[in-house]
Structures are given as structure tokens and as C-alpha cells.
Amino acid sequence: MSKTRRLAYLALILAAFIWGVAPIVIKHTLNFISPVNFLFYRFLFASMIIAIPLYFRIKKIKPSKKEWLDYAFLGFLCTPFNLLLLFFGIAKTTAIDASLISITAPFLVAIGGAMFLKENVTKIEKIGILIAVFGTLITIAQPLFENIGNIGGQIGGNLLVFLGTLVWVAFTLLAKKKKNLDPFILSSFSFLVGLIVF
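Chemist: Got a sec to walk through the packing of aromatic side chains? Specific residues and values, please.
Modeler: Tallied over the full model, the rule gives eight aromatic pairs. Residues Trp-68 and Phe-189 carry aromatic rings whose centres are separated by 5.5 Å and whose planes lie at 45° to one another, so their mutual orientation is tilted. With a gap of 121 residues between them, Trp-68 in helix α3 (residues 65–92) and Phe-189 in helix α8 (residues 183–197) connect regions that are remote in the sequence. Their ring planes at 40° and their centres at 5.2 Å tell us that Trp-168 and Phe-171 sit as a pair that is tilted. With Trp-168 and Phe-171 both in helix α7 (residues 151–177) and three residues apart, this pair spans about one turn of that helix. Classification of Phe-171 as buried rests on a relative accessible area of 9%. Taken together, the ring pairs connect Trp-68, Tyr-71 and Phe-189 into an aromatic cluster.

Encoded structure:
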């Protein structure tokens with residue numbers, strides 16, 4: 001395995017860890033504030049922090065009209081659409097279920113990379129992906145096997161979290177395909193789009 005591939009795996013593991021912890025924090029926070037208000041203030045503060053560096057970055061790179069459209073579309077997928085599904089899903093399900101579902105993103109990215117970007121996936125990786133996907137399906141349907149009062153709501157929340165994860169995967173694959181886009185502008189633009197949406 002190459003050094004670049006090992007670093008990529010480490011980055012994905014770190015991202016999975018962060019997203020695994022995030023639902024617990026989000027679930028607690030949603031007891032005091034609505035998902036829309038939470039996201040608005042999140043994007044507001046983030047936009048204030050990146051505004052000046054973003055201005056100088058844009059001035060240096062000078063994106064084309066086509067690239068601006070790509071930044072807007074991917075920015076919408078990256079945060080507003082993805083996080084709206086995630087937050088409303090977490091509000092309906094448990095933090096544990098949301099964590100287990102959301103950390104499957106790296107595995108789904110690997111599947112998408114193999115299918116759409118023709119990336120190589122080893123036999124061991126395929127086995128790991130199959131196990132992760134199977135576990136995710138069990139987690140989504142878990143409320144059906146338990147004696148809980150709000151089965152429909154919890155399954156709905158699990159599905160929203162999973163849809164949010166799929167949106168994130170789609171963003172990751174599209175961003176990887178469009179190698180001409182600047183990562184800093186793309187990340188920053190997602191905050192600005194989120195601020196406008198919310």
C-alpha cells in the first residue's frame with residue numbers, strides 16, 4: 001500500500017471519528033435550539049472567520065463562471081442539504097444510531113469511487129465494505145426489532161441520517177472528480193451558501 005493511500009485512510013478514519021462523535025453533541029444541542037437556528041449560527045460564525053482569507057484567495061485564483069457554478073452546487077450539497085437531513089434525522093433518532101450510520105461515509109465513498117471513478121478496491125477492502133453496509137442496514141431497521149413507542153419516527157430519523165450521509169458521499173465524489181476546483185474556496189463557499197439558505 002502506498003504512502004498516499006495510507007494517509008488517505010488515516011484522514012478518512014479521522015473524519016469518521018469526528019462524525020461519529022458529532023451526533024452526540026448535536027443531539028444534546030437540539031434540546032435547546034432548533035436545527036435551522038443551529039445551522040444558521042454555525043454558518044454565520046464560520047462565514048465571518050473565512051471572509052477575509054476567502055477574498056484574497058478568490059482575488060488570486062480568479063475562478064471562471066463555470067467554476068462559480070460548480071462551487072455553488074457543490075457548496076449546497078456539502079453543507080446545507082447534507083446537514084439539514086442530518087440534523088432533522090438526529091432530532092428523530094438516537095445519537096448512537098446516528099453515529100453508527102454516519103461513520104459509514106468512508107466505506108460508501110470507496111464504493112462510489114470504485115463504481116464511478118474506476119478506483120481500485122482490494123479484496124479485503126470489499127469484505128470490510130460489505131460488513132459495514134450490512135451493519136448500517138441493520139442499524140436503520142433496528143427499531144423494528146425493539147419494543148419502543150415511536151418506531152416510525154426513529155426509522156424515519158435513521159433514514160434521514162442515511163440520506164444525509166449519501167449526500168455527503170455524492171459531494172465527495174463530485175469534488176474529487178472536479179480537480180480544477182480550489183479546496184479552500186469550495187469549503188468556504190459551502191459556509192456562505194449555507195448562510196444564504198438558512
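Chemist: I'd like a rundown of unusual backbone geometry, residues and numbers included.
Modeler: Phi at Lys-62 is positive, roughly 55°, even though this residue is not glycine. Among the structural elements, Lys-62 can be located in the loop between α2 (35–61) and α3.

Chemist: Explain a nonpolar patch on the surface to me, and be specific about the residues and the numbers.
Modeler: A contiguous nonpolar surface patch, about 580 Å² in accessible area, is contributed by Leu-14, Phe-17, Ile-18, Val-21, Ile-24 and Val-25. By the secondary structure assignment, Ile-24 is in helix α1 (residues 3–29).

Chemist: Lay out the pattern of salt bridges in plain terms, naming residues and giving numbers.
Modeler: On inspection of all chains with the given rule, the structure shows three salt bridges. Of the charged contacts in the structure, one is a salt bridge between Asp-182 and Arg-57, with a shortest N-O distance of 2.6 Å. Here the residue Asp-182 occupies a position in the loop between α7 and α8, and Arg-57 occupies one in helix α2, the gap between them amounting to 125 residues. When its relative accessible area of 9% is taken as the criterion, Asp-182 is described as buried.

Chemist: Quick one: what's the story with the environment of Val-36, residue by residue and with numbers?
Modeler: Looking at where Val-36 falls in the secondary structure, it is placed in helix α2. In this structure Val-36 comes out as partly exposed when scored by relative accessible area, which is 33%. For the pair Val-36 and Asn-180, spaced 144 residues apart in sequence, the C-alpha to C-alpha distance is 32 Å. Sequence-distant contacts of Val-36, defined by excluding residues within four places in its chain, comprise Phe-88 and Phe-198.

About the cut-offs
- The written sequence of each chain sets the order in which its residues are numbered from 1.
- Reporting of local features is limited, given that this is a predicted model, to residues whose pLDDT is at least 70; pairs of side-chain atoms are given and counted only at 80 or more, and all residues count toward the totals for whole chains, interfaces and linings.
- Just so you know, side-chain values use all the structure's heavy atoms and leave hydrogens and water out.
- Aromatic contacts are taken between Phe, Tyr and Trp rings whose centres are within 6.5 Å, Trp giving its six-membered ring; a plane angle under 30 degrees counts as stacked, one over 60 as edge-to-face, and the others as tilted.
- For helices the rule is a DSSP run of H or I covering at least 4 residues; for strands it is a run of E covering at least 2, with both sets numbered from the N terminus onward.
- Relative accessibility thresholds used throughout: buried, under 20% of the residue-type maximum; exposed, over 50%; partly exposed, between the two (1.4 Å probe, protein chains only).
- In this analysis, a patch consists of residues with relative accessible area above 30% that form no salt bridge, clustered at 9 Å for like charges and at 5 Å for the nonpolar side chains Val, Leu, Ile, Met, Phe, Trp and Tyr.
- Per-residue accessibility takes into account occlusion by the displayed protein chains alone, with areas from the Shrake-Rupley method and a 1.4 Å probe.
- Any Lys or Arg side-chain nitrogen found within 4 Å of a carboxyl oxygen on Asp or Glu counts as a salt bridge.
- Note on definitions: a residue-residue contact is assigned when non-hydrogen atoms from the two residues lie within 4.5 Å.

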